[in-house]
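Observations on the model geometry
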Amino acid sequence: MTGEPVTDSDIRRDRARFIHGLPKAELHLHIEGTLEPEMMFALATRNGISLPYADVEAVRRAYVFDDLQSFLDVYYAGCAVLVTERDFYELTAAYLRRAAAQGVSHAEIFFDPQTHTDRGIPFDTVVTGICRALEDGQRRWSITWRLILCFLRHLSADAAMTTLEQALPFRNLIAAVGLDSSELGHPPSAFEAVFRRAREEGLLAVAHAGEEGPPEYIWEALEQLHVRRIDHGVRCWEDRLLVDRLLADRVPLTVCPLSNVKLGVFPDLAHHNLATLLRHGLRVTVNSDDPAYFGGYVADNMVAVAEALALDRGEIVQLARNSFLASFLDEAVKRERLSEVDHAATQGGWTAPQIPPARSSAG
Ligand code: HPA
Ligand code: ZN
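The structure contained in this document is the topic of the report that follows. (Residues numbered from 1 in each chain as written. Chains lettered and ligands numbered in written order. Predicted model: local features only at pLDDT ≥ 70, side-chain atom pairs only at ≥ 80, totals over all residues. Heavy atoms only, no water.)

**Digging into empty space enclosed by the protein**
Scanning the model with the defined rule gives two cavities of 30 Å³ or more in all. Estimates place the volume of the largest cavity at around 110 Å³. For the lining of the largest cavity, the per-class residue count stands at seven nonpolar, four polar and five charged. (1 Å grid on protein atoms, 1.4 Å probe; cavity = no way out; pocket = protein on both sides within 12 Å on 5 of 7 lines; lining within 4 Å. Points joined across faces, edges and corners; volume = space filled by probe spheres on them. Nonpolar A, V, L, I, M, F, W, Y, C, P; charged D, E, K, R; others polar.)

In structure tokens, the structure reads:
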């Protein structure tokens, strides 16, 4: 019959179209990690900053990482080109344009103020540039948003507290605090006081935990930082009691499949535990983390993981639903967004429920 997928490439194309067409919330996205090499060069020229790369291709070639730290070294170096409010505006606007094309209708965005204030960039410059773009993006692309301030865990708890104090005049623009950067050796428990203070100010909390770090860090994030979501969290699977706790409290995991492979958390997508976690009933979401560095935005991540792990249509729709369920949207808006997912799911052209896994050993 005409129009029905007949070859593997038809199926792949229809599945990618279906995934792009599903409304999605992106919940784990470092805005500094959306700095594409072309923009890095343009901003370096505009701001008179020299880069240790000859051209855009040399930058892309340098994006081969052994682990989280080897990535962070490159990521923080790239941030040096971000100087003016206009730079932060353009960075965020460029992300939103791409996100709109990937079916994102709500974005909860991390920013790392210490990466900029430690270079002498005022907090105000960073937050104003990002938020002006988010407001324009909401008007232009109908993408609703929340902003999450991340503390750098390789710096001290005192430095985090100073950053929180700098943020308080902008309290109305910030929904939550988070914790990122080098995980090993920097447990969440070190940041208990600053997270308590943030909660007293009415801010919600999330934290990166269980990306490279052990399940104990996830326990600490839950028990001591009182987080609403765990960013990454894939190492939870090593601790059955922890998995039970995450299930019982429906704690969302903001999983970033392409990031995990690029940073060596899993050897390849076929060995990623996302499908295992999802099929166990955990509230798994798919996100892009630092898409300019890891090779794909949110729909690209979903397409890649759906193919590698043979996710069926219902599982893909569940991922889109989970993204809104796990979001910080008001309950009424959440319900609207969920019904938009359900509506889009009935429209999609992709009807093949069984997709063979990409790995050759499957069967
Ligand atoms: N993990 C920790 N910190 C980060 C990351 C990440 O994947 N991306 C940017 N900062
Ligand atoms: Zn991250």
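**Focus on the coordination of the zinc ion (ligand 2)**
Octahedral six-donor coordination of a metal ideally yields angles of 90 or 180 degrees, compared with 109.5 degrees for tetrahedral four-donor coordination. Donor atoms from the polypeptide that bind the zinc ion (ligand 2) are His28 (NE2), His30 (NE2), His208 (NE2) and Asp289 (OD), placed at 2.0 to 2.2 Å. For the zinc ion (ligand 2), the four donor atoms in the first shell make angles of 80 to 172 degrees at the metal, a pattern classed as irregular. Sequence spacing of the donors to the zinc ion (ligand 2): H-x1-H-x177-H-x80-D. Linking His30 in strand β1 (residues 24-30) with His208 in strand β5 (residues 204-209), this pair joins segments that are 178 residues apart in sequence. (Donors = N, O, S within 2.8 Å, 3.2 Å for Na, K, Ca; no water. Tetrahedral: all angles 85-135°; square planar, octahedral: opposite > 155°, others 65-115°. Helix = DSSP H or I, 4+ residues; strand = E, 2+ residues; numbered from the N terminus.)

**Regarding the sheet that holds strand β8 (residues 284-286)**
Strand order in this open sheet of eight strands is β1-β2-β3-β4-β5-β6-β7-β8, and the pairing throughout is parallel. The open sheet has two edge strands, β1 and β8, and neither has a second partner. Neighbour to neighbour, the strand axes of the sheet diverge by 25 degrees on average, direction disregarded. Pairing of β1 with strand β2 (residues 104-111), which is carried by five bridges, proceeds in the parallel orientation. Bridge pairing in β2 places Ala25 opposite His106. (Pairing = 2+ DSSP bridges. Axes fitted to C-alpha atoms, helices over the stretch in contact; angles between N-to-C directions.)

**Quick word on the site of ligand 1**
Close contacts around ligand 1 come from His30, Leu68, Phe71, Leu72, Tyr75, Asp180, Ser181, His208, Glu211, His232, Asp289 and Asp290, and that covers them all. Here a nitrogen atom of ligand 1 and a side-chain polar atom of His30 are 3.3 Å apart. Relative to its unbound accessible surface of 260 Å², ligand 1 loses 100% to contact with the protein. Applying the majority rule of atoms within 2 Å of the grid points places ligand 1 in the largest cavity. Looking at side-chain class alone, the shell around ligand 1 contains four nonpolar, four polar and four charged residues. (Near = heavy atom within 4 Å. Polar contact = N/O pair within 3.5 Å; in protein donor to acceptor, adjacent residues only side chain to side chain. Areas by Shrake-Rupley, 256 points an atom, 1.4 Å probe, with all protein chains shown as cover. Sits in = over half its atoms within 2 Å of the grid points.)

**Quick notes on the packing of aromatic side chains**
Inspection of the entire model under this criterion finds twelve aromatic pairs. Taken together, a centroid distance of 4.7 Å and an interplanar angle of 50 degrees make the contact between Phe71 and Phe294 tilted. Of the two residues, Phe71 sits in helix α4 (residues 68-78) while Phe294 sits in helix α14 (residues 291-294), which places them 223 residues apart along the sequence. Each member of the pair, Phe71 as well as Phe294, carries the same accessibility label: buried. Plain terms: the ring middles of Phe111 and Phe123 are 6.1 Å apart, the flat faces sit at 65 degrees to each other, and that makes the pair edge-to-face. Of this pair, Phe111 sits in strand β2 while Phe123 sits in helix α7 (residues 123-141), and the two are twelve residues apart along the sequence. (Phe/Tyr/Trp six-rings, centres within 6.5 Å; stacked < 30°, edge-to-face > 60°. Buried < 20%, exposed > 50% of the residue type's maximum accessible area, 1.4 Å probe, protein only.)

**Remarks on the side chain of Thr163**
Looking at where Thr163 falls in the secondary structure, it is placed in helix α8 (residues 157-167). Setting aside residues up to four positions removed in sequence, Thr163 forms contacts with Pro113, Gln114, Phe123, Leu149 and Phe151. (Contact = heavy atoms within 4.5 Å.)

**Describing the nonpolar core**
In terms of nonpolar packing, the biggest core is built from 112 residues, with Tyr95, Phe111, Leu147, Ile230 and Tyr293 touching the most fellow members. Excluding its chain neighbours within four sequence positions, the residues that come into contact with Leu147 are Ile109, Phe111, Val127, Ile130, Cys131, Leu134, Leu173, Ile174, Ala175 and Ala176. Counting six residues, the second-largest nonpolar core is a separate cluster that includes Phe110, Cys150, Ala176 and Phe328. (Core = buried A, V, L, I, M, F, W, Y, C linked by side-chain atoms within 4.5 Å.)

**Considering the environment of Ala175**
If you trace the backbone, Ala175 turns up in the loop between α8 and β4 (176-180). Sequence spacing of Ala175 and Tyr95 is 80 residues, and the spatial spacing of their C-alpha atoms is 19 Å. Residues in contact with Ala175, not counting those within four places in the same chain, are Arg146, Leu147, Leu203 and Leu204.

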